[in-house]
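# Architecture at a glance
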Amino acid sequence: MSSPTPTPLPTAREVAGFWRDAGPERWFAKNDEFDAAFIARFADAHQAAARGELDDWARDAQGALALLVLLDQFPRNAWRNNPHMLATDGRALAVAKKAVAAGLDQQVAADLRPFFYLPFMHSEVLAEQQRSVELNAALDANTQRFAVLHRDIVARFGRFPHRNRMLGRESTAQEQAFLDQGGFAG
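Remember, it's a predicted structure, so these values are computed and weren't measured experimentally. (Residues numbered from 1 in each chain as written. Predicted model: local features only at pLDDT ≥ 70, side-chain atom pairs only at ≥ 80, totals over all residues. Heavy atoms only, no water.)

### Looking at the overall build of the chain
Counted only if it meets this: A run of H or I in DSSP counts as a helix once it spans at least four residues, and a run of E counts as a strand once it spans at least two, with each numbered from the N terminus. Atoms considered for the radius of gyration are the C-alpha atoms alone. The globule rule reads 2.2 Å times the number of residues to the power 0.38. Throughout, exposure labels follow a simple rule: accessible area from a 1.4 Å probe, protein chains only, divided by the maximum for the residue type, with under 20% read as buried, over 50% as exposed, and the rest as partly exposed. When checking whether two residues touch, look at their non-hydrogen atoms; a contact exists if any pair is within 4.5 Å. The protein chains shown are the only cover counted for residues, whose accessible areas, like all others here, come from Shrake-Rupley with a 1.4 Å probe. Under this rule, positive means Lys or Arg and negative means Asp or Glu; His and the chain ends count for nothing. The location of each charge is read from NZ of Lys, CZ of Arg, CG of Asp or CD of Glu.
When helices and strands are tallied, the chain shows ten helices and zero strands. Of the regular secondary structure in the chain, the N- to C-terminal order runs α-α-α-α-α-α-α-α-α-α. Here the C-alpha radius of gyration of the chain, 17 Å, is about what a compact globule of 186 residues would show, namely 16 Å. Its C-alpha atoms give the chain principal-axis dimensions of about 60 × 40 × 30 Å. The proportion of buried residues among the 186 residues of the chain is 46%. Considering only intrachain contacts with a sequence separation of at least 6, the fraction spanning at least 24 residues in the chain is 58%. Surface summary for the chain: the accessible area is close to 9900 Å², and the carbon and sulfur share equals 51%. Across the chain, the 21 positively charged side chains and the 23 negatively charged ones have centroids separated by 2 Å.

Take a look at the structure:
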């Protein structure tokens, strides 16, 4: 008996197209149906990206966008409130840094450009947060507002307090007070 033929991975064009077609109303909203479709279609591609098997996609703007969607956005939809949602943040940030340095972010539509900058915004390193604010300054006011909010939280606490429980970190009294008062929850 022969082993089944593996399903081919989607192309960078398919990943970028799916994300572009989903649009802003689905990108940041919690939607179980959308998450399920995203997971069903791209789980294998995410795993391949996490292993570095799709790194060659980062050579052009569409490929870099697709790789960033798989490394930064996919885990946040697939593993909400689970530490695994942060597991590929380092890889996403490395891709974003190279893509921005190469000007690939400037080669996509303005509404997709934030996905090149979100890995900076998701970092708990203050310098990356400052870079996020700088990069997002050219975008819409709402995107910039979130970049500043993220930066200010990391500047204040050195990390995102809303991640503490999920990551098994103990919150400081100041962090807990911030959270109790409705501080940013991700």
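### Focus on the packing of helix 6 (residues 114–121) against helix 7 (residues 126–136)
Using the following cut-off: Think of each axis as a best-fit line through the C-alpha atoms, taken over the contacting stretch in the case of a helix, with angles from 0 to 180 degrees between the N-to-C directions. Small angles under 35 degrees read as roughly parallel and large ones over 145 as roughly antiparallel, with 65 to 115 read as roughly perpendicular and the rest as oblique. The handedness criterion is simple: a crossing whose near helix is rotated anticlockwise from the far helix by less than a right angle is left-handed, and one whose near helix is rotated clockwise is right-handed. Think of it as three bins: nonpolar holds Ala, Val, Leu, Ile, Met, Phe, Trp, Tyr, Cys and Pro, charged holds Asp, Glu, Lys and Arg, and polar takes everything else, Gly as well.
One way to put it is that helix 6 packs onto helix 7 with a least axis distance of 7 Å and a crossing angle of 155°. Taken together, the axis directions place helix 6 and helix 7 in an arrangement best described as roughly antiparallel. As for how helix 6 packs across helix 7, the hand of that crossing is left-handed. Taking contact as the criterion, the partners of Tyr117, Phe120 and Met121 in helix 6 are, on helix 7, Glu128, Gln129, Arg131, Ser132, Leu135 and Asn136. Broken down by class, the residue content of the contact of helix 6 with helix 7 amounts to four nonpolar, three polar and two charged.

### Overview of helix 1 (residues 12–22)
Those residues of helix 1 that fall on the buried side of the exposure criterion are Ala12, Val15, Ala16, Gly17, Phe18, Trp19 and Ala22. Check the buried side of helix 1 and you find it contacts helix 2 (24–27), helix 3 (32–50), helix 4 (61–78) and helix 6.

### A word on the side chain of aspartate 105
Basically, it comes down to this: Polar contacts here mean pairs of N or O atoms no more than 3.5 Å apart (in protein, one a potential hydrogen donor and the other a potential acceptor; neighbouring residues in sequence count only if both atoms are side-chain atoms).
Tracing the backbone through its elements, the reader meets aspartate 105 in the loop between helix 5 (89–101) and helix 6. Among the polar contacts made by the side chain of aspartate 105, one reaches the side chain of tyrosine 117 at a distance of 2.5 Å. Not counting residues within four places of it along the chain, the set of residues in contact with aspartate 105 comprises Ala99, Val100, Arg113, Phe116 and Tyr117.

### Considering the layout of surface pockets
Where we set the bar: Buriedness of a pocket was judged along seven lines, with at least five required to meet protein on both sides within 12 Å; pockets are open sets of points on a 1 Å grid over the protein atoms alone, cavities are sets where a 1.4 Å probe fits but cannot get out, and lining residues have an atom within 4 Å of a point. Grid points are joined across faces, edges and corners, and a volume is the space filled by probe spheres set on the points.
Volume-wise, the largest pocket comes out at about 1200 Å³. As for the largest pocket, its lining consists of 38 residues, and the residues nearest its centre are Phe28, His122, His150, Phe184 and Gly186. Looking at the lining of the largest pocket, the elements with two or more residues in it are helix 2, helix 4, helix 6, helix 8 (141–157), helix 9 (164–167) and helix 10 (173–180). No other element matches the four residues that helix 8 contributes to the lining of the largest pocket.

### Details of the packing of aromatic side chains
Where we set the bar: Aromatic rings from Phe, Tyr and Trp, with only the six-membered ring used for Trp, were paired whenever their centres fell within 6.5 Å, and each pair was classed as stacked if the ring planes differed by under 30 degrees, edge-to-face if by over 60, and tilted otherwise.
Tallied over the entire structure, the rule returns 14 aromatic pairs. Here the aromatic rings of phenylalanine 18 and phenylalanine 34 are separated by 5.6 Å at their centres, their planes lie at 10°, and the arrangement is stacked. Taken as a pair, phenylalanine 18 in helix 1 and phenylalanine 34 in helix 3 lie far apart in primary sequence, 16 residues in all. We classify phenylalanine 18 as buried; its relative accessible area is 15%. Exposure remark for phenylalanine 34: the relative accessible area of 6% places this residue in the buried category.

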